[in-house]
Amino acid sequence: MKAHVADWQTRVYCVRIEPANDAPLVRLAGYPVDLVMSNGQTYLTESGYEFSGYGASSTFASSSIDLKGIVQQGAISRDDLMAGVYDNARVYLFATSWANPIEDEEELAMLFFGKVETADDQYSVQLMGAIDVLSQSPGRSYSPTCQWTFLDQTLDGNILPASQSRCIGPRSAPDGPSFAALKVTGTLTSVTDQYYFADSARVEAADYFATGAIRFLSGPNAGLKPIEIKAFTAGGVIQLQEALFYLPEVGDQYEMIPGCRKRPEDCAFWENMRNFGGHPHVPAPSQYGQIGRGA
């Protein structure tokens with residue numbers, strides 16, 4: 001049983017969203033006016049937000065909550081949603097009394113900020129329960145391609161754990177090229193649209209930056225999340241996997257890293273075959289299933 005429950009006569013639900021990065025916390029209360037907790041933290045009224053409800057059981061069945069709201073320059077903005085600021089953020093749901101509000105008085109759930117869907121000026125977020133982690137398959141599986149993440153750091157500064165970045169870099173292969181050595185910077189010289197643009201000063205071979213990532217340092221897209229590169233052709237033409245949120249402009253500065261298609265020849269290109277994490281010589285089911293069959 002719970003050690004403490006909120007007063008049922010003045011019960012109110014509150015939610016706190018804690019981003020995985022250094023972004024500010026979001027605090028919302030299911031109450032007509034803002035609530036100031038006993039520790040001085042203010043929970044904004046949920047006007048413009050709607051929760052689908054929450055149900056709990058004694059089984060290991062996962063539960064989910066939908067958070068619907070209006071995109072606004074306030075608690076949650078369009079830019080933050082599109083930039084992935086809240087991706088994998090932790091969401092804490094608790095109950096308290098509006099007469100004497102106390103943060104985390106009756107803890108109800110800890111969830112993760114999941115899939116976001118936007119339409120016009122509204123959005124819907126799937127908040128998934130922490131128990132969903134138990135449904136993930138642990139361990140490694142056979143795959144003809146490498147399972148490791150290229151390098152051990154991303155453009156937005158995230159340091160990957162050793163279990164994911166057993167590729168090239170300072171920790172896994174000291175004699176291989178590092179993130180700092182591969183990262184480049186440049187300036188756009190032409191723009192076609194939000195998918196295609198170019199930097200004519202780039203001299204790298206075609207496909208060098210394919211599956212890599214680019215992030216802008218200036219211009220309308222400055223500070224937004226890195227975008228995966230779909231293709232890179234000679235002459236510095238860059239094609240993205242998904243459109244930039246804002247149309248870039250000539251003169252915008254960027255930083256970019258190459259990627260890896262996770263094939264044996266890619267590891268050979270980086271002289272890093274000793275860290276290849278794939279199994280290209282394991283036969284597929286369609287191959288070994290033919291052994292022993294009759295005519």
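Residues numbered from 1 in each chain as written. Predicted model: local features only at pLDDT ≥ 70, side-chain atom pairs only at ≥ 80, totals over all residues. Heavy atoms only, no water.

So, on to the sheet that holds strand β11 (residues 190–191). Strands pair in a sheet through their backbones, by hydrogen bonds, and they do so in one of two ways: parallel or antiparallel. With antiparallel pairing, 7 strands are arranged side by side in an open sheet as β10-β16-β13-β14-β15-β12-β11. The open sheet has two free edges, formed respectively by β10 (184–187) and β11, since each of these has just one partner strand. Bridge count for strand β13 (residues 213–216) against strand β14 (residues 227–233) is 2 bridges, and the pairing is antiparallel. Counterpart to I214 in the pairing with β14 is I227. (Pairing = 2+ DSSP bridges. Helix = DSSP H or I, 4+ residues; strand = E, 2+ residues; numbered from the N terminus.)

Mapped onto the fold, E105 is located in the loop between β7 (90–97) and β8 (106–119). No salt bridge is formed by the buried E105, whose closest oppositely charged neighbour, R11, lies at an N-O distance of 8.2 Å. Leave out the neighbours within four places in its chain, and E105 touches H4, V5, A6, F94, A95, T96, S97 and N100. (Buried < 20%, exposed > 50% of the residue type's maximum accessible area, 1.4 Å probe, protein only. Lys, Arg positive; Asp, Glu negative; His and termini not counted. Salt bridge = Lys/Arg side-chain N within 4 Å of Asp/Glu carboxyl O. Contact = heavy atoms within 4.5 Å.)

Attention now goes to the pattern of salt bridges. Enumeration according to the criterion identifies 12 salt bridges in this entry. One salt bridge connects E18 with R16, and the closest N-O pair in it is separated by 2.9 Å. Given a relative accessible area of 25%, E18 falls into the partly exposed group. What makes R16 buried here is its relative accessible area of 7%. Ionic pairing is found between R263 and E265, a salt bridge with its closest N-O pair at 3.6 Å. Classification of R263 by relative accessible area gives partly exposed; the value is 32%. Several salt bridges converge on common partners, so that one network encompasses R16, E18, R27, E103 and D104.

This next bit is on the pairing of strand β16 (residues 253–257). Burial analysis of β16 places 4 of its 5 residues in the buried class, the great majority of the element. Across 4 bridges, β10 lies against β16 in antiparallel orientation. Bridging across to β16, V184 finds its partner in M256. Alignment of β13 against β16, held across 4 bridges, turns out to be antiparallel. Bridging from a neighbouring strand, A213 pairs with I257 of β16.

Our focus in this paragraph is the environment of G277. Within the secondary structure layout, G277 lies in the loop between α3 (264–269) and α4 (285–288). Residue class for G277 comes out buried when judged on its relative accessible area of 2%.

Now for the side chain of D199. Tracing the backbone through its elements, the reader meets D199 in the loop between β12 (196–198) and β13. Of the residues examined, D199 reaches a relative accessible area of 3% and is grouped as buried. Of the polar contacts made by the side chain of D199, one reaches the backbone nitrogen of T187; its length is 3.5 Å. When sequence neighbours within four positions are dropped, the list of residues in contact with D199 reads G186, T187, T189, G235, G236 and Y254. (Polar contact = N/O pair within 3.5 Å; in protein donor to acceptor, adjacent residues only side chain to side chain.)

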